[in-house]
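Fold and contact review
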Amino acid sequence: MRYSGLRVIREGLFGNKGWRPAWREPEPKAEYDVVIIGGGGHGLSTAYYLAKNHGITNVAVLEKGYLGGGNVGRNTTIVRANYFLQGNSEFYSHSLKLWEGLEAELNYNVMHSQRGLINLFHSDGQRDAFVRRGNSMVNQGDDAILLDREGVREHLPYLDFEQTRFPIYGGLYHPRGGTARHDAVAWGYARGADSRGVDLIQNCEVTGIDIEHGRVRGVQTSRGPIRAKKVAMIVAGRSGQVAAMAGMRLPVESHILQAFVTEGLKPCIDHVISFGMGHFYISQSDKGGLVFGGDLDFYASYAQRGNLPMVEHVMEAGMTLMPMIGRAKVLRSWGGIMDMTPDGSPIIDKTPVEGLFLDCGWNYGGFKAVPASGWCMAHLVATGESHAVARRFTLDRFATGHLLDEEGTGSQHNLH
Amino acid sequence: MRIDGKGLIDRKTALNFRFDGRSYTGFQGDTLASALLANGVRMVGRSFKYHRPRGVMTAGSEEPSALVEVIERGQQTPNVRATVQELHEGLEARSQNRWPSLRYDLLAMNDLFAPFFGAGFYYKTFMWPRAFWERLYEPAIRRAAGLGSLSGKHDEGIYEKAFAFCDLLVIGSGPAGLMAALEAARAGADVILAEEDSRMGGRLLADTVEIDGRPGRDWAEGVLAELDAMPNVRLMTRTAVTGAYDHGTFGALERVGLHLAQPGERPRECFWRIAAKQAVLAAGALERPIAFADNDRPGVMMAGAVRAYLNRWGVASGKSVAIFTNNGDARKTADELTAAGIEVAAVIDSRPDAPALGDYRLYRGAQVTGTHGRRGLEWISVRDQNGERRVEADCLAVSGGWNPTLHLTCHMNSRPVWRPEIAAFVPVDGAVPGLHACGAAAGVFSTAGCLEDGLRAAGAALEAIGQKAPKIAAPKAEDGAYDISPLWVVPGERRAWLDFANDVTAKDVRLSAQENFRSVEHMKRYTTQGMAPDQGKNSNVGALAVLADATGRGIPETGTTTFRPPYVPVSIAAMGAGGRAAGFAPQRFTTSHEASVERGAPMIEAGLWYRPSYFPRMGETDWRRACNREVHNVRGRVGVCDVSTLGKIDIQGKDAARFLDFVYTNTFSTLQPGRVRYGLMLREDGHVMDDGTTACLAENHYLMTTTTAAAGLVMRHLEFVHQALRPSWDVRFISVTEQWAQFAVAGPRSRDLLNSVLDQKLDPAAWPFMACGAVSVSGVAGRLFRISFSGEHAYEIAVPARYGAALFRDLVARAETMGGGAYGMEALNVLRVEKGLLTHAEIHGRTTAFDVGLEKMMSKKKDFIGKAAAARPGLLGAGREQLVGLRPLDAEREIGAGAHLFRKSDPAKREFDQGYVTSACYSATLRSWLGLAFVVNGRARHGETIRLVDHMRKTEVLCEITDPVFFDPEGEKVRG
Amino acid sequence: MRITCPLCGERDRREFYYYGADDYLRRPGEGAAPEAWDSYLHLRDNPAGITRDLWHHEMGCSAWLVVERSTITHEIRSVKLVSDVQEGGK
Ligand SMILES: Cc1cc2nc3c(=O)[nH]c(=O)nc-3n(C[C@H](O)[C@H](O)[C@H](O)COP(=O)(O)OP(=O)(O)OC[C@H]3O[C@@H](n4cnc5c(N)ncnc54)[C@H](O)[C@@H]3O)c2cc1C
Ligand SMILES: [Zn+2]
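Anyway, here's the lowdown on the structure attached to this text.

Thresholds applied
Residues numbered from 1 in each chain as written. Chains lettered and ligands numbered in written order. Predicted model: local features only at pLDDT ≥ 70, side-chain atom pairs only at ≥ 80, totals over all residues. Heavy atoms only, no water. Helix = DSSP H or I, 4+ residues; strand = E, 2+ residues; numbered from the N terminus. Buried < 20%, exposed > 50% of the residue type's maximum accessible area, 1.4 Å probe, protein only. Contact = heavy atoms within 4.5 Å. Areas by Shrake-Rupley, 256 points an atom, 1.4 Å probe, with all protein chains shown as cover. Buried area = accessible area lost by both parts, 1.4 Å probe. Salt bridge = Lys/Arg side-chain N within 4 Å of Asp/Glu carboxyl O. Nonpolar A, V, L, I, M, F, W, Y, C, P; charged D, E, K, R; others polar. Pairing = 2+ DSSP bridges. Donors = N, O, S within 2.8 Å, 3.2 Å for Na, K, Ca; no water. Phe/Tyr/Trp six-rings, centres within 6.5 Å; stacked < 30°, edge-to-face > 60°. Axes fitted to C-alpha atoms, helices over the stretch in contact; angles between N-to-C directions. Polar contact = N/O pair within 3.5 Å; in protein donor to acceptor, adjacent residues only side chain to side chain. Near = heavy atom within 4 Å. 1 Å grid on protein atoms, 1.4 Å probe; cavity = no way out; pocket = protein on both sides within 12 Å on 5 of 7 lines; lining within 4 Å. Points joined across faces, edges and corners; volume = space filled by probe spheres on them.

The helix and strand tally for chain B stands at 21 helices and 50 strands. Each principal axis of the C-alpha atoms in chain B carries an extent, and together these give about 115 × 70 × 55 Å. When the 976 residues of chain B are sorted by exposure, 64% land in the buried category. Contacts spanning at least 24 positions in sequence make up 67% of the contacts within chain B whose residues lie at least 6 apart. For chain B, the accessible surface area stands at approximately 35,200 Å², while carbon and sulfur atoms represent 52% of it.

Here we take up the interface of chain B and chain A. Many descriptions give the size of an interface as the accessible area lost when the pieces come together. Contacts between the two partners involve 121 residues from chain B and, on the opposite side, 123 residues from chain A. Overall, the association of chain B and chain A removes approximately 10,100 Å² of surface from exposure, summing both partners, and the carbon and sulfur fraction of that is 53%. Taken together, chain B and chain A are joined by 14 salt bridges. For A:D183, the salt bridge identified is with B:R525, shortest N-O distance 3.0 Å. A class-by-class count of the residues in the side of chain B that touches chain A yields 53 nonpolar, 36 polar and 32 charged. Here strand β16 (residues 329-340) of chain A runs beside strand β31 (residues 570-571) of chain B; their pairing, made up of two bridges, is antiparallel.

Another aspect to go through is the coordination of the zinc ion (ligand 2). Residue and element names in this part refer to chain C. Looking at the zinc ion (ligand 2), one finds its protein donor set to be C5 (SG), C8 (SG), H57 (ND1) and C61 (SG), positioned 2.0 to 2.3 Å from the metal centre. As a motif over one chain, the donors of the zinc ion (ligand 2) read C-x2-C-x48-H-x3-C. Remark: H57 occurs in the loop between β4 (50-56) and β5 (64-70) and C5 occurs in strand β1 (residues 2-5); sequence separation between them is 52 residues. The residues C5 and H57 share a single accessibility class, namely buried.

Moving on, we get to the packing of aromatic side chains. All names here are of chain B. The tally for this structure, following the rule as stated, stands at 54 aromatic pairs over all chains. Judged by centre distance (5.0 Å) and plane angle (40°), the ring pair of F126 and Y137 falls under tilted. With F126 in the loop between β7 (91-95) and α2 (132-144) and Y137 in helix α2, this residue pair connects regions lying eleven residues apart in the sequence. Given the relative accessible area of 17%, Y137 is considered buried. Measuring from ring centre to ring centre gives 5.7 Å for Y922 and W929, while their planes differ by 65°; the resulting arrangement is edge-to-face.

Where strands meet in a sheet, backbone hydrogen bonds hold them as pairs that are either parallel or antiparallel. Residues and elements named next belong to chain B. Here we have six strands rolled up into a closed barrel, ordered β45-β48-β47-β46-β49-β50, and antiparallel in their pairing. Along the sheet, successive strands turn relative to each other by an average axial angle of 45°, direction set aside. Strand direction decides the pairing type here: strand β46 (residues 900-903) and strand β47 (residues 915-923), joined by two bridges, are antiparallel. Paired with L901 across the two strands is G915, which belongs to β47. Across the sheet, helix α19 (residues 825-834) touches β47 and β48 (928-936), and the angle it forms with β47 is around 115°.

Turning our eyes to something else, we now look at the interface of chain B and chain C. At the junction of the two partners, chain B supplies 29 residues and chain C supplies 29 residues. Counting each side, the surface lost to burial between chain B and chain C is near 2,300 Å², with a carbon and sulfur contribution of 54%. Contact with chain C buries surface across chain B, with B:H247, B:R716 and B:F720 losing the most and accounting together for 28% of the total. On inspection of chain B and its partner chain C, the count reaches three salt bridges. Linking B:D863 and C:R27 is a salt bridge whose minimum nitrogen-to-oxygen distance equals 2.9 Å. If you look at where chain B meets chain C, you find 13 residue pairs in polar contact (both at pLDDT 80 or more). Put simply, the parts of the chain that give the side of chain B that touches chain C at least two residues each are β8 (159-171), β15 (269-281), α16 (711-725) and α20 (867-870) of chain B.

Next up on the list: the site of ligand 1. Residues and elements named next belong to chain A. Taken together, the neighbourhood of ligand 1 is formed by 37 residues, with G41, E63, N71, T76 and K368 sitting nearest. The separation between an oxygen atom of ligand 1 and a polar side-chain atom of E63 is 2.6 Å. Between ligand 1 and G365, the relevant distance is 3.1 Å, taken from an oxygen atom to a main-chain nitrogen or oxygen of the residue. In the complex, 96% of the free accessible area of ligand 1, which totals 1,000 Å², lies under the protein chains. Elements with a contribution of two residues or more to the shell around ligand 1: α2 (41-54), β12 (253-262) and β16. Of all the elements, β12 adds the most residues to the shell around ligand 1, at three residues. Residues that form the shell around ligand 1 fall into these classes: 16 nonpolar, 15 polar and six charged.

Gaps left between atoms show up when a probe the size of a water molecule is rolled over them. All names here are of chain B. Taken as a whole, this structure holds 19 cavities of 30 Å³ or more when the rule is applied. What the largest cavity holds in volume is close to 170 Å³. Every residue lining the largest cavity is counted, 16 residues in all, and those nearest its centre are N403, P404, L406, V541 and F563. Among the elements of the structure, β25 (402-404) and α10 (540-551) are those that each provide at least two residues to the lining of the largest cavity. Considering each element in turn, the lining of the largest cavity owes the most residues, three residues, to α10. The class makeup of the residues in the lining of the largest cavity is nine nonpolar, six polar and one charged.

Residues and elements named next belong to chain B. Where burial is concerned, most of helix α5 (residues 303-313) is hidden: eleven out of the eleven residues are buried. Three or more residues of α5 are buried, namely A303, G304, A305, V306, R307, A308, Y309, L310, N311, R312 and W313. A positive phi of about 65° marks G314, the residue just after α5.

In structure tokens, the structure reads:
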């Protein structure tokens, strides 16, 4: 069923009786060519591109809860291509290009809004680091503009330029950066994959991975065993547990990241603002809520909820940077499980088990990666070769020292 | 309309207030909502999506519709619940989400297009043409959405945060909470009783209930008086407990000044962090609506709220009130209204067997099928077995049953369970460790039951903390059964609202099921039900029931979405209290701060510290001139710079030397007392963590310096290495950064300058480069280190911090008489770049000893932190970027840090990247711009010309790759 | 969140710094194979359940602690001094 404005009008006139399910609710088959564990953004986009780019449609996505119930539906929705290390730059650049065609691709309005991202800096040293980043972005073919203090003021006149603890020296402006509606991304890919024949199976938890003679044979699930020629583990924060079913220990520690939304307000923040010095970022959703977040709670956890110290720290950062939001009221806070790696960059790679693939390690920033991750993971699963833009996301790079540490904080998982 | 003789308001104190520019009066004790109702104002806002007229529905913080902006001089607070805002003299409020006015709202036309605005419609349209999303569709959607607005001005209000500790936190002061608090208080426990409302008593304030033969309110007053008199009890009104967190921590928001016309110095709000050994949740229950056609019209209210307005505020919510219910609660409403002389138009009871109890028109087995009236309710249509009829009423009191206020029990992921007898979810035991739900919050709906349950809960809490509960008998009270027969939605074609605040109707929920958004979480996200300001307090259970019905499942199978903190919305300013302006992070000042400021030095942040950028002199038009002069002073005469911000760690113990060998890549055990050595420290992952000098002050006694940025990190690291990896070694650390003020004295005349302040002149033979020792400055015991971060003959002199200011002034004054002076961070940077010395611009966490050319410092003879990981193949070899110097071919062409480097013939594209600049400056000494850079295989490329491209600063400069040490490469001057 | 430091008593989480799993206590000896270092620095069991992780009472007594804690409920079962654990183990 194609969606369009005309269709909305036609259905509206006839009582909206004609809308059909966005996806089927199939029973799992006994066997698939590819089984994808995890119905988050990355699992669903992988399924979609397996079908679309590689013609592999005998695919099941197994989701233990409901589609999109993990991080893909819990993040602060920032989409950007502002990395500076080779290996990351090309990947996120590719992802942003896919974002830019996503509505047309999926026939689903994911509300990708390129409202511009501004990263603030507060010292000469930070400026230099952002200059390096901006140059990397431009060298990659993406966009970046260095703003001085007055340049920032033109965009964000409401910041506290006089009293804030860390004076604003300027910002790196990334006009193509922005936000998207997170749930819609999961649903759009789900609908697209389903319409190409992929089985989306909800409430189906993978409890074991069957391996014979070093080759994957299938999975055990809460809805019975399913055979598969290839299995892709794409479970974000749960990667450690799922990989353990295949006898693997991963370079991943799972942490909580909290996020917050306020009551609806008339438009007041038109950009995405990132205040690195205060670990604070904010944008305003189309519904009017201020969506913002900060740093990890910093202790390993699967609880999907956090504690007050980080809550308060985030609010304090907001107050020093933009005290105009003081009277906005926080409506809800929640947390997601972040799969933190020792260099803060992801893994898209084969595993020592033949036919078993891994896509994980998205840290706090895998939402913007959803299109490219699916694209590259599908490529890897279909061809057995890494995609050119994801070549460096290897599993063994920690052992070999070919790291992608954008933060420069080293191998401590929670510092990225 | 006010009813004489009713209510807890002070009729002697009339208060003037304004709403939407019109003046009204109310009384002390009113809320804005009760005062508006008393003045006959029914329409107070417009709904979120369809901009439909809305009025007051409830009498509490769960209010979905009566959200207003409160205006003060030059500032406004959006989305204030009129039901919570207490009236005060001069209160000014206005309606939201309407334009140009509440009566005539342009976007009210949205309501006409409702068929096209069903659940999730926006996912299916606005996709073409692509560029229109940011330019047209999104701005239009954003303007239409949102509720109230921020002023855009800084919030200058006062906010506070505080900690509190107690044995028992009792949440809610209705009959259950009061009994719990009383029992615990009499047991001697340290009790906090927190109540969201401005007055304690809970439902006892809103209903006419008898306890021990007295009006419930009087009984509550008695208990409160007893509690108030006890030193171990803290009564906190206007304090909503907002979140349950780990290990007995609760968040709570106190409205301190919001109800006052003249709050004075009082904060607007205070956010409490309460650490409680145990807690009792006695938060009561919230009445829920029934969905029927046009049930959102002003005048349609919750029955319990109608009673509350009557009993608490003496306000009749209408002249003629109809009651629509599915449970036995209606009787109370009808009786109380009748007793107060208000007409009860009819009771519409959906239960076919509803008992006839009073003298009013009863429609059994009947339902309300519609509401009518232009801007407020005028009449309703009622259907029963005899057909459809019209009932005139300007207020409809609805009761769809009660939901326990169990939100806090969900904050740690526990899911409540469905209890069919009361058709509601109740919390499970242990949902939050140490939190005992009781009374209506636990699904106990009779007053007598609540009183007893409060005692039970407090008893359990006391037992858990090992205190003995006193024997208290529950007072006598009404113990009626709660009789409900669920009715969630009245069938019909028209829209029936579930979520008033987000304009979600039963149709939307059915559509979401039709499109296979069948899981309750999908339904919520697809329809936005439960995501509005009331967070589903009014709508969750109803929406769930509609979904269960549409998908052919029962409610328990369908499950429920969860509640997350905060229980009531909390302003960012309250939770962020203290963060405003400089409060966000500590400020650290050196002892020379004042002197530097007096000299006009701009102070810049260095981590949490402030350091002088440069010291301007008359006639210097820009910072560069000052910087050049300061560099010149150091190179030619003498300069003084405060270096106290560097971390200083005192290390002692008989294994101290061994320990240093382990944490540094190079050897320290050979260092003799009176000598200093430069050390390189790696992280265990093989990258450079920090560098600095360590002085051997005496046998087994060392003083380590760290960079300013890494001081805390290094301290923590040393403690870890000791306690975790070498626990048996005899070594101890303490940070002495604040204890010592330390100044660099650098330049060819540094020794002369020092000699002029030291009690004993320096013997050059005893003070070679890298010597250290004790000195005396005007009788003050200090320390002297002959070390240099400038490449000059230089020292650092340290005195106890209390002498720092005096010594700095003295040194600078003397330096000036010698033609030198103070120097700041700019000059310091130039001096170290000229010498190719490192800062965190180079050791930025991704570089190794190999990269910065210090691999020779990695001892082969011993193990040290980071040794093994540094040997990984990826961290070695020609493919790595290595530290080099850069000089523009045209010495006057400015270069900047952050620029990337390319071969002359290559395009400036990622694939051709050869490296980047880390530091750059103009060297007046060498009359050239200089840079430090990392270049692929750079050490083998000295002499090569490379193209520097800086898109950000729009420069392109050809440079020569050089050795990173530009000045005095042989190091003759430092030793001189 | 509150943690009971064996030396200082029950304190707010704000006083503590978190490092990671107690794998960091088992540093490979000199000359250990690269795999041992990979495992030490990077690979984690990352359990959804009881874990033993390292906290530093940075704003208190400076003790490093091994905390036995559930990553699902955050319940804390025990807190020990790292130095005790390590010395005992030797
Ligand atoms: C608060 C927060 C803010 C964030 N902000 C941003 C941001 O602004 N920008 C950005 O780019 N990124 C952001 N992120 C990160 C981003 O959301 C994640 O990196 C990304 O969504 C992870 O990939 P995913 O969508 O596939 O994961 P998920 O959505 O978590 O998908 C994993 C799925 O696997 C399922 N699963 C797990 N175990 C099993 C099993 N055994 N069997 C079957 N299924 C299983 C889970 O139920 C889940 O649905 C944020 C994350 C959070 C939590
Ligand atoms: Zn301690």
